[in-house]
Every structure is written in structure tokens, then in C-alpha cells.
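Here are the chains, one letter per residue:
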Amino acid sequence: MAVESNQLGAPSERLLSRRRLEQFPWWLLIILSIILFMLVRIIVDPLYRSIFDTIQQGLVTTLSVTAIAFVFSLMFGLILGLGRVSTNPILRNLAITYIEFVRGVPILVLIFTISFALVPMIVRTIGLPNSAISLTTRAIIALVLIYGAYIAEIVRAGIESIGPGQMEAGRSLGMTRRQTMQYVILPQAVRNILPAIGNDLIALLKDSSLISVLGVREITQVSRLSVSTTFRYEETYFILTLFYLSMTLLLSLILQWIQHRVRVRG
Amino acid sequence: MNQPMILIEHVSKYFGNFRALDQVNLSVNAGEVLMIIGPSGSGKSTLLRCINHLEVPDAGRLVVDGILLDNNEAHINAVRAEVGMVFQRFELFPHLTVLENICLAQQKVRRRSRSESEAIGRALLEKVGIPEQAHKHPAQLSGGQQQRVAIARSLAMQPKIMLFDEPTSALDPEMIKEVLDVMLDLARDGMTMVVVSHEMGFARNAAHRVAFMDQGRIVEQGPPETIFVNPRHERTQLFLSRILH
Ligand SMILES: Nc1ncnc2c1ncn2[C@@H]1O[C@H](COP(=O)(O)OP(=O)(O)O)[C@@H](O)[C@H]1O
Ligand SMILES: [Mg+2]
């Protein structure tokens, strides 16, 4: 960091403190103040308190659906991304077809299509009753199928960010393409795509609200059910907003910390 | 048997409609040090990369250490195991330490144990003069040190042939000598080498033969003194007059 300096070479105290003021993350302070303000209301106001308790009942579902969908999206996305950069034209085209298909359709529509058309079709083909797969499971399947495609594109970009020279170095040492991918390209690619993967985790957490359309009782659905009897629109939706905002903020701080650690370890 | 280590017959290579290699014939004997010179874009790298099949020739025949390079994956891997390659930009693996760089392929390709590969790695680092850098990452090394690690990494596979593609042209001038010294040692040890470089010092001290390439062809070749002092072709003369000043 370059710091302006006066003629004697040492930066003046006034300049330094102005820099500090300019670089302070004011936005974070503002958001934290809003969260704090809402928390105080929840603590002192019994009505807010009871709505908070209601919404909270969906929290475990929101978090577990997000976590499970994320883990499987990563695995699916990695496989799909490797297919996307495969030298085999059949594999590559299959992967591209899938990815473009998913990216060309809104998430909400895909959630309906997968849950109410694709899964029932498969279940019927296998010969199971339609009730064999719960709506929560369908929601997770839908999110994995959708986010797998998004993550595949990130994986592809990550692999392509490693210059062809690394693959050539591996190959010229006698390693196979697979070995070079596994031991040389992917470890470097993973480091490059960590920020993008983190963004997708946050996006997935937010998009998990969409599965409320399936009636899965995560926090958005619980809120909708609650207002349909209490008619407390303002309080309910402000608190629901607070839930998402605190979770995404916390998550992005954690992700920044992880990225920082990865960078420090070199 | 007295067959050459590398035999290149009528090899052509196209990139689209552009002919990068035009009916190249070349043979390199065991223990020979061949230097390839020529203007940028003349096909030197492409020729070198054909030898270990990083580029696939469109026509012609390549035999390396008695193995015919067709599209048979087993043949390609067998050849790659015998041929080491050193790149202009080093291409070390940045996420691994120096020692891990040297050990990876030993363990994955040669199936050596960790301790055995590390012992070989340390001995090679000693040989190239940087035993104390074993646990650093490539980014912490100077360019000259990185290139020496890259050479050690190739040597760890115990290749019969070493290919060098402008190994010193990405280096600051004061680091060129330390890399050339390692290459001179290798040449004295009898390694078969194909070196793309314009380093005159190396040519005088180590090259047995110099080949001049232009527009995808080998225009002329011969002992270094002949090529540098009495080149027959006008294009060679023109090129040398440019690089020697
Ligand atoms: N992968 C490639 N795709 C298209 N053209 C290439 C490729 N590699 C090399 N070429 C072209 O082939 C010619 C020879 O390249 P190269 O062998 O790298 O030359 P040199 O190493 O002598 O500078 C150049 O004109 C270059 O632009
Ligand atoms: Mg070149």
C-alpha cells in the first residue's frame, strides 16, 4: 500500500487518519446496524419475538437443504465440468448440451419441471409409487441438477485458467492426461475458483427460498404460511429478510476468511 | 544396433492451412548434442514438440529410441518416458514444493516410493547446485533456479534424450550461465540432447551439430564452426548476421 508522504518522507498523521476513514468498511457497519436494530426489536417486542420463533422453525430445513444440495452440486459439477473440457467429443457435447439446457431455463421453472415432471417420470419407469420420493428430496434433486450446471461452468473456467503449458509439462514427464489433471491442474484450478464457488454457495442459499413453491417448509414457506393466518406482512417479511441477510453476510465473511487462509498458505 | 536415437523422416505439420513443418528429415545419434537455430516462427518448437508427441505430425515418420511414434497410446507413453523436455517458461508446478515437483512423476509414472524418489530428487538438486531450495515453492526462486529445478525434474525420470526449447530466453542475463553450465555438464555426461537456442557459448562448447531452420524446413546443418563461420545459404548468413550482433 502506497501512502502519500510529506516532504520529510514520513506520511503525516492527518493523511494517515484520512486513509483509515476512507478504507473503513462503512457498508458493513450499516448492515450490522440494521441487523442489530432488528434483533433489539425481536428481543423487546413480543410480536416480533413470536414471528421470529415461527420462522426459525424452518431454519434447519433451509440450512440442511442448502448444505446437502451444495455438496452434491460440487460433485456433479466437477464431473460435468471435466466432461465439458474432455477431449472426447461425445462426452464434451453431452456435457455442453446439459449445461446449456439448464442455463437456458429459469430456476423456478426447472424446479417445477424436475419435481413434477422429471422425477415422477423416472419414478414411474422404475415402478415405484409417486410418493416414494418426498418433496424435500425432489427440491434437493432439482437444486443439485441446476447448480451442478452452474458449478460445471466454474470448474471449466478454472481448468482453462491454468495454461496449456502445465498439461504439457505433465505429459512430457510421462504422466497420463488423467494423472496430470488430478495432481497438477485441478489443485491449482480449485484455488482459483474458490471465490466463484463461494458465490455460488451464497446464491444457492438464497435460491433455496424458491423451493417454497413445492411446499417444503423452509423459512420462506414457513413465513408464507404464517402470514396467511396472522396477516402480519410487515413484521414477517422484514424478519425473513433479516434471516437471509444475516446468513449471507456471515457466510461471505467465513468464505473471505477461508480464502485468506488458502492464500496465506501459498 | 547402430540406429539413431531420434529418426525424423518427411515430417510435416499443418496448423489449419499454415505449414509449420515441411518435409523435415533429421536424425540424432545417441550421445549427440544437436542445436537448432532459426528465426522466430520457423518451426523449431513444433519440431521439438513432435519428438515427444505434444504435437502430432500430419505426415511422415518418427522413430525415437527404436519406438515408432504412431497413435498408439502405449508407444507415446513409452517415448515420453524416455524423453525429457525443458520449456522456455519452466512450467514448474506452482502449488508443489521444489522437491515435490521432482518427485511427482517419479511416484506416479515410475512407481517409486516416496523415500526413494526424494533421495533421487535431493541428489539431482545437488547436481544442479541448489540443494538448499528443496522445500521452497517455485515462486520463491529466481528464474535461473527455477529452470535448474525443471531440468532436475526431467532428469529424475532418467531420460535417454533431453529436449530444450529456448531454456534461457526467459532468463535475466546474469542467470543464463548457471543454466548453461548444467546443460554443459549433461552434454559431457553423454546425454543425447536437442537444444533450440541461440546461445553461442553453448554452441561452441557443447554442440556437435547445428541445424538452421527457416519456414518449416531445415535449410542446412553441420558442425558449429562450419555453420557459424561459413554458412552456405544466404538465409543462414542473413540470420546469423542479425543474431551475432
Ligand atoms: N498451436 C498452434 N496453432 C496455430 N499455429 C501454431 C501453433 N503452434 C505454432 N504455430 C505456428 O507455427 C509456426 C511455427 O511455430 P513454432 O514452432 O513455435 O516456431 P519457433 O519455435 O521456431 O518460433 C508459427 O508461425 C506459429 O505461429
Ligand atoms: Mg519456439
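Residues numbered from 1 in each chain as written. Chains lettered and ligands numbered in written order. Predicted model: local features only at pLDDT ≥ 70, side-chain atom pairs only at ≥ 80, totals over all residues. Heavy atoms only, no water.

**So, the sheet that holds strand β4 (residues 59-64) of chain B**
Residues and elements named next belong to chain B.
Right, so step 1: Taken together, the 4 strands give an open sheet; going across it, the order is β2-β1-β4-β5, and neighbouring strands pair in antiparallel fashion. In the strand order of this sheet, the two ends are held by β2 (18-28) and β5 (67-68), each with one partner.
Right, so step 2: Summarising the sheet, strand β1 (residues 6-15) and β4 pair through 5 bridges and their orientation is antiparallel. By the bridge assignment for β4, Ser12 is matched with Ala59.
Right, so step 3: Helix α1 (residues 44-51) contacts β1, β2 and β4 of the sheet and is inclined by roughly 60° relative to β2. (Pairing = 2+ DSSP bridges. Helix = DSSP H or I, 4+ residues; strand = E, 2+ residues; numbered from the N terminus. Contact = heavy atoms within 4.5 Å. Axes fitted to C-alpha atoms, helices over the stretch in contact; angles between N-to-C directions.)

**Describing the interface of chain B and chain A**
Right, so step 1: The interface of chain B with chain A comprises 23 residues on the first partner and 17 residues on the second.
Right, so step 2: Surface buried jointly by chain B and chain A totals about 1800 Å² across both partners, of which 59% is contributed by carbon and sulfur atoms.
Right, so step 3: Linking chain B to chain A there are 2 salt bridges.
Right, so step 4: With its nearest N and O atoms 2.7 Å apart, the salt bridge here joins B:Arg49 to A:Glu168.
Right, so step 5: Taken together, the connections running from chain B to chain A amount to 7 residue pairs in polar contact (both at pLDDT 80 or more).
Right, so step 6: Sorting the residues of the side of chain B that touches chain A by element identifies α2 (73-82), β6 (83-86), α3 (98-108) and α5 (143-155) of chain B as the ones contributing at least two each.
Right, so step 7: Class assignment for the residues of the side of chain B that touches chain A results in 11 nonpolar, 5 polar and 7 charged. (Buried area = accessible area lost by both parts, 1.4 Å probe. Salt bridge = Lys/Arg side-chain N within 4 Å of Asp/Glu carboxyl O. Polar contact = N/O pair within 3.5 Å; in protein donor to acceptor, adjacent residues only side chain to side chain. Nonpolar A, V, L, I, M, F, W, Y, C, P; charged D, E, K, R; others polar.)

**Here we look at the confidence of the model for chain A**
Residues and elements named next belong to chain A.
Right, so step 1: Here chain A averages 93 in pLDDT, while 95% of its residues score no lower than 70.
Right, so step 2: Highest mean pLDDT in chain A belongs to helix α4 (residues 59-84) (98); lowest belongs to helix α1 (residues 13-23) (86).
Right, so step 3: Of the regions scoring below 50 in pLDDT, residues 1-6 engages in 13 contacts with residues more than four places distant in sequence or in other chains. (pLDDT = per-residue confidence, 0-100.)

**Quick look at the site of ligand 1**
Residue and element names in this part refer to chain B.
Right, so step 1: Ligand 1 sits among Phe15, Phe18, Ala20, Pro39, Ser40, Gly41, Ser42, Gly43, Lys44, Ser45 and Thr46.
Right, so step 2: Interatomic distance of 2.6 Å between a backbone N/O atom of Gly41 and an oxygen atom of ligand 1.
Right, so step 3: For ligand 1, an oxygen atom lies 3.0 Å from a polar atom in the backbone of Gly43.
Right, so step 4: Protein contact buries 59% of the 550 Å² of open area that ligand 1 shows by itself. (Near = heavy atom within 4 Å. Areas by Shrake-Rupley, 256 points an atom, 1.4 Å probe, with all protein chains shown as cover.)

**Details of the sheet that holds strand β3 (residues 33-37) of chain B**
Residue and element names in this part refer to chain B.
Right, so step 1: One open sheet accounts for 6 strands, arranged β6-β7-β8-β3-β9-β10; its pairing is mixed. Each edge of the sheet is formed by a strand with only one pairing partner; in this case those strands are β6 and β10 (217-222). Going from strand to strand, the sheet's axes swing by 20° on average, the running direction of each strand aside.
Right, so step 2: Pairing geometry for β6 and strand β7 (residues 161-165), over 4 bridges, is parallel. Its bridge partner being in β7, Met85 is matched across the sheet by Leu163.
Right, so step 3: Along the sheet, helix α6 (residues 173-188) makes contact with β3, β7 and β8 (192-196), crossing β8 at roughly 145°.
Right, so step 4: Strand contacts of helix α9 (residues 234-243): β3, β9 (209-214) and β10, with the helix running at about 100° to β9, the strand carrying the most contacts.

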